[in-house]
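Spelled out, the chains give:
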Amino acid sequence: MEKEIKSGLVVFLFFTVLSGLLYPLLITGIAQLIWNNKANGSLIKLNNKIIGSKLVGQQFRNPAYFHGRPSNVVYAGNKSGATNLGPTSKKLIEETKKNILLIRNENKLSSDSKIPADLVFNSASGLDPHISPEAAKLQIPRISKVRGVPEEKIQKLLYKYIESEQFGILGSQRVNVLELNIDLDSLALR
Amino acid sequence: MFKEIVFLIIFLIMLLILALPLGGYMAKIFTGQVTFFSRILSPLEKLVYKISGINENTEMTWTTYTFSFLIFTFYGFICLFLLQGLQEFLPFNPQKFGPVRWDTALNTAVSFVTNTNWQSYSGEEIMSYLTQMLGLTVQNFLSAASGIAVAIAFIRGFTRINTNTIGNFWVDLTRSMIYILLPFSIVLAFVFISEGMIQNLRPYSGFQTLEGGNQILPFGPVASQIAIKFLGTNGGGFFNANSSHPFENPTPVTNFLQILAMLLIPVALPFTFGILINKRRQGWAIFSVMLILYLTGFAISVYSESQGNPLLAKLGITNGYMGTNMEGKEVRFGIIQSVLFAQTTTSTSCGGVNSMHDSFLPLTGLVLLFNIAIGEIIFGGVGVGLIGLLINAVLTMFIVGLMIGRSPEFLGKKLEPFEMLMSAVSILSMPICVLLFSGIAISTAVGLSSLNNVGPHGLSEILYAFASPAGNNGSAFAGINANTLFYNFTTSLAMIIGRFTTIIPALAIAGSLAEKKIVPESSASFSTDVPLFVWLLVAVVILVGGLNYFPVLALGPILEHLLMYSGVTF
């Protein structure tokens, strides 16, 4: 028994250093060399200033931009998480009603119009960078009106940003809201 | 639907292509044979033995093996507990996080050394990079390696004759680490990073967003931890949102690889088992049982989830296309691949999540809860999953023995009172633990005050909050506020009971079986590698699980399902 106590301690310390320091630091070092941008969060710069990460969604309330999904952490970034409301929760139903109403009002839709699910439900991370193509299309008339840009032009831009399933089967079709909005701004300059 | 079926078939084929050779590779590793990687890795293995004074040919009795396992787990616990308390004085803490609250630290330490990775904290809000690496990543490795070691020792119980030893814990552990977990993690971490998962040591960065708001991005050595999080079926997230966080699971490809990685070792182990006992068909039979339970659960979940929530459908929501329940799910994964992730993480005892289990529809939640509550035996955690199912097989053979009127045996080993006692301890501890703690929680104000949902869904939240730690799973119906003194204590206890009542009885059975001779098969023996046995074992698993949990499941998810369709809300 005494021998196991001693040997065990050495084994424990050895693997602690190996898998807790050498392994992560080795991976970090190589990652910083080969995939510098990706390993540091796929950050996007505009005029030499960081304005966000390609992977992390942002809060958009300005009617001139495409809006993302409702977020339980208001896209804070240093927090993450969901509402965790269950399917029979009164609160979930009230919140969803509110979200549907908001979207219908913002986009001047009729009171029996159908709204894509992702646009009214909270994401899991609270930082979802994507919306479905349908959820983006619904917003085109509003953006066109606010910006004074013809709908066709915005639609063309949107189609450029629809990502399909990886290898045709992985995940689902989506639009990166931040990237689309950055390009939307440059559309006005063109 | 076509896309989903193609996806599922490709997924299963890829899984087998990877797991079959791995099963053979592991069989070689643990019998000390030379493999392709030996030349590079064996000097490292020898180095461990040299510095720790271990003779790799020394064998242990089951009691010494158990003692070694326990003392090793204890070292991990102490180290992890202290790291969390002292992190403010240590390097790699750019956010200057103070000490973790003591009950949270205790819960986290128990959680990670037991391979549970139940988390009552938000990683990005309280854990320094050093704690994540030197504390949490290390236990991701070591708890998994211990699990594999114990499974191999358990298998030796069936292969050995007239001996009282079942291998050497340090050797099994070292081999798991050096030949399996470390090299696989390195490869997987690089693939993850190439897809956009982060890996750095920078302080969090704040900036102005495109619209002019503020955002702070958290960073950290994420990929290195996430690789072993899945390979070791640990499941502890670097961030609060776990694998739904874009930095922890950036693309559908990383999502797919995470699902594959959690299944890889648990699926390979039945084949390792088949090779080691020299009956490959037996390995396939065990694998078949797991696959049947896995796919059945998946089919029910997909059906349930694609129905959408009837209470919300009438408000005017249109689907993407596989249903409308996008609450708590990410667009890039979609509904089906969120359900597959959930089914896999609850089957394998991993516990990582890419969508919020609390917000799944009631019948989906029922399946997830059932997967965990039957004791994590559908593939299960690395090592312990195989053990759990084999113990159910022992029970099955006991029942078969009673039915055909012969003294029960399994793989030529006679099953006697000691084996049955240990099997019963192992199988019954889980429901006793889950039901007892849940009972305490629902009858005390302190237990109920943590709930995020009320009504039958509240009961499901509490049930899940004890099933998951007791099954060493670690996922949650995360609405529940588990970071209270009451839940930190009770779930810690559940994790300890869950882990040790799987492993200690298993080692005791192994020790006892190794001493017995192998009765040669005769025409009167009941074959255990045929479809009849497979279906019997499936039936025993469902029956035992059903008998234990049906009453409480009827009051939780089943009642919620019925009320949801009659329009009742809470």
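Residues numbered from 1 in each chain as written. Chains lettered and ligands numbered in written order. Predicted model: local features only at pLDDT ≥ 70, side-chain atom pairs only at ≥ 80, totals over all residues. Heavy atoms only, no water.

**Describing the interface of chain A and chain B**
Link 1 in the chain: Contacts between chain A and chain B engage 101 residues on the former and 113 residues on the latter.
Link 2 in the chain: Surface buried jointly by chain A and chain B totals about 8,700 Å² across both partners, of which 67% is contributed by carbon and sulfur atoms.
Link 3 in the chain: It is Tyr23, Asn84 and Thr88 of chain A in chain A that bury the most area against chain B; as a group they hold 9% of the surface buried on that side.
Link 4 in the chain: Counting across the interface, chain A meets chain B through two salt bridges.
Link 5 in the chain: The residue Lys3 of chain B makes a salt bridge to Glu165 of chain A at a minimum N-O spacing of 3.4 Å.
Link 6 in the chain: The interface formed by chain A and chain B includes 52 residue pairs in polar contact (both at pLDDT 80 or more).
Link 7 in the chain: Considering every element that reaches the side of chain A that touches chain B, the biggest residue donor is helix H1 (residues 2-34) of chain A, with 24 residues. (Contact = heavy atoms within 4.5 Å. Buried area = accessible area lost by both parts, 1.4 Å probe. Salt bridge = Lys/Arg side-chain N within 4 Å of Asp/Glu carboxyl O. Polar contact = N/O pair within 3.5 Å; in protein donor to acceptor, adjacent residues only side chain to side chain. Helix = DSSP H or I, 4+ residues; strand = E, 2+ residues; numbered from the N terminus.)

**Re unusual backbone geometry**
All names here are of chain A.
Link 1 in the chain: Unusually for a residue other than glycine, Ser42 sits at a positive phi of about 50°.
Link 2 in the chain: Residue placement: Ser42 occurs in the loop between helix H2 (36-39) and strand E1 (43-46).
Link 3 in the chain: Phi angles above zero are rare outside glycine, and Lys108 is one such case at about 50°.
Link 4 in the chain: With respect to the helices, strands and loops of the structure, Lys108 is situated in the loop between helix H3 (90-106) and strand E3 (115-116).

**A few points about the domain arrangement of chain A**
Link 1 in the chain: Along its sequence, chain A is carved into domain 1 (1-40) and domain 2 (42-187).
Link 2 in the chain: With centres defined by C-alpha atoms, the gap from domain 1 of chain A to domain 2 of chain A works out at 40 Å. (Domains from an automatic or database assignment.)

**Considerations on the packing of aromatic side chains**
Link 1 in the chain: With the rule as written, the count across this model stands at 37 aromatic pairs over all chains.
Link 2 in the chain: For the ring pair Phe486 of chain B and Tyr487 of chain B, a centre distance of 4.9 Å and an interplane angle of 85° mean the geometry is edge-to-face.
Link 3 in the chain: The exposure class assigned to Tyr487 of chain B is buried, which follows from its relative accessible area of 0%.
Link 4 in the chain: Of the aromatic side chains, those joined through ring pairs into one cluster are Phe12 of chain A together with Tyr65, Phe69, Phe72, Tyr75, Phe169, Trp170 and Phe500 of chain B.
Link 5 in the chain: Its guanidinium or amino end placed over the ring of Tyr65 of chain A, Arg147 of chain A lies 5.2 Å from that ring's centre, counting from NZ or CZ. (Phe/Tyr/Trp six-rings, centres within 6.5 Å; stacked < 30°, edge-to-face > 60°. Buried < 20%, exposed > 50% of the residue type's maximum accessible area, 1.4 Å probe, protein only. Lys NZ or Arg CZ within 6 Å of the ring centre and 35° of its normal.)

**Digging into the packing of helix H1 (residues 2-30) of chain B against helix H10 (residues 280-306) of chain B**
To describe two helices that pack against each other, one gives the angle between their axes and the distance between the axes.
Residues and elements named next belong to chain B.
Link 1 in the chain: Interaxial distance between H1 and H10 falls to 14 Å at its minimum, and their mutual angle equals 155°. As the angle between them shows, H1 and H10 are arranged roughly antiparallel. Judged by the sense of rotation from one axis to the other, the crossing of H1 with H10 is right-handed. For the pair H1 and H10, the contacting residues are Leu8, Phe11, Leu12, Leu16 and Leu20 in the first and Trp284, Phe287, Leu291, Tyr294, Leu295 and Phe298 in the second. (Axes fitted to C-alpha atoms, helices over the stretch in contact; angles between N-to-C directions. Parallel < 35°, antiparallel > 145°, perpendicular 65-115°, else oblique. Left-handed = near helix turned anticlockwise from the far one by under 90°.)

**A closer look at the pattern of salt bridges**
Residues and elements named next belong to chain A.
Link 1 in the chain: Going through the model one piece at a time under the given rule, you end up with 22 salt bridges over all chains.
Link 2 in the chain: Here Glu106 makes a salt bridge to Arg61, at a shortest N to O gap of 2.8 Å. In this pair, Glu106 sits in helix H3 while Arg61 sits in the loop between strand E2 (49-53) and H3, placing the two residues 45 residues apart along the sequence.
Link 3 in the chain: A relative accessible area of 22% means that Glu106 is categorised as partly exposed.
Link 4 in the chain: Taking the shortest distance from any N to any O, the salt bridge between Lys160 and Asp183 comes out at 3.2 Å.

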